Amino acid sequence: MHSDPAAIDYKTHILIGVRANGVMTVIADWPHVPRQTEAQKEIDGARNGYATFVLCTPTSIIPAGGHGNATGDRPFGSTRRS
């Protein structure tokens, strides 16, 4: 996986493993659309226990600790309370 957070852009593809209980883990990422064989190699190398694999691209890239608080009354990254 990439260690440089600046490398994340809209061309990045992320492979996520999803366990039966809903827990998600990033398995791999690429700065390009991976070939099916590339993704399959990562899936085959992942430990057992994943019910599904999801290949995603970012639709939004939000820096951690960003300055824009579109939520108004709650800190950035906090969950909504009902």
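The shown structure was predicted, so the numbers you read here are calculated from the model rather than taken from an experiment. (Residues numbered from 1 in each chain as written. Predicted model: local features only at pLDDT ≥ 70, side-chain atom pairs only at ≥ 80, totals over all residues. Heavy atoms only, no water.)

**Remarks on the confidence of the model for the protein chain**
For the protein chain, the average pLDDT comes to 80, and 71% of its residues sit at 70 or higher. Looking at the elements of the protein chain, mean pLDDT is at its lowest for strand E2 (residues 24–30), recorded as 94, and at its highest for helix H1 (residues 36–45), recorded as 96. (pLDDT = per-residue confidence, 0-100. Helix = DSSP H or I, 4+ residues; strand = E, 2+ residues; numbered from the N terminus.)

**Points about the packing of aromatic side chains**
Under the definition given, this model contains 1 aromatic pair. Taking 5.4 Å as the distance between ring centres and 50° as the angle between the ring planes, the aromatic pair formed by Tyr 50 and Phe 53 counts as tilted. The class for Tyr 50 is buried, based on a relative accessible area of 17%. Sitting over the face of the ring of Tyr 50, Arg 19 holds its NZ or CZ atom 4.3 Å from the ring centroid. (Phe/Tyr/Trp six-rings, centres within 6.5 Å; stacked < 30°, edge-to-face > 60°. Buried < 20%, exposed > 50% of the residue type's maximum accessible area, 1.4 Å probe, protein only. Lys NZ or Arg CZ within 6 Å of the ring centre and 35° of its normal.)

**Observations regarding the sheet that holds E2**
Strand order in the open sheet made by the 3 strands is E2-E1-E3, with antiparallel pairing throughout. Taken across any chain shown, the strands that pair with only one partner, and hence form the sheet edges, are E2 and strand E3 (50–56). Strand-to-strand twist of the sheet, defined as the mean angle between neighbouring strand axes without regard to direction, takes the value 20°. Relative to E2, strand E1 (residues 13–19) is paired through 6 bridges, and the arrangement is antiparallel. The residue bridging His 13 from the neighbouring strand is Trp 30, located in E2. Each of E1, E2 and E3 touches H1; the most contacted strand, E2, lies at about 145° to it. (Pairing = 2+ DSSP bridges. Axes fitted to C-alpha atoms, helices over the stretch in contact; angles between N-to-C directions. Contact = heavy atoms within 4.5 Å.)

**Some points on the nonpolar core**
If you look at the biggest cluster of nonpolar residues, it comprises 7 residues: Leu 15, Ile 27, Ala 28, Trp 30, Ala 39, Ala 46 and Tyr 50. Tallying contributions element by element places E2 first for this core, with 3 residues. Not counting the four nearest positions on each side in its chain, Leu 15 is found in contact with Thr 25, Val 26, Ile 27, Ala 28, Trp 30, Ala 39, Glu 42, Ile 43, Phe 53, Val 54 and Leu 55. (Core = buried A, V, L, I, M, F, W, Y, C linked by side-chain atoms within 4.5 Å.)

**What to know about the environment of Leu 55**
Along the polypeptide, Leu 55 turns up in strand E3. We classify Leu 55 as partly exposed; its relative accessible area is 44%. Along the backbone, Leu 55 and Pro 34 are 21 residues apart, and their C-alpha atoms lie at a distance of 9.4 Å. Apart from residues no more than four positions distant in its own chain, Leu 55 is found in contact with His 13, Ile 14, Leu 15, Trp 30 and Pro 34.

**A look at a nonpolar patch on the surface**
A contiguous nonpolar patch, built from Ile 8, Tyr 10 and Ile 61 and spanning about 280 Å² of accessible area, is present on the exposed surface. Along the chain, Ile 61 turns up in the segment after E3. (Patch = residues over 30% accessible without salt bridge, like charges linked within 9 Å, V, L, I, M, F, W, Y side chains within 5 Å. Areas by Shrake-Rupley, 256 points an atom, 1.4 Å probe, with all protein chains shown as cover. Salt bridge = Lys/Arg side-chain N within 4 Å of Asp/Glu carboxyl O.)

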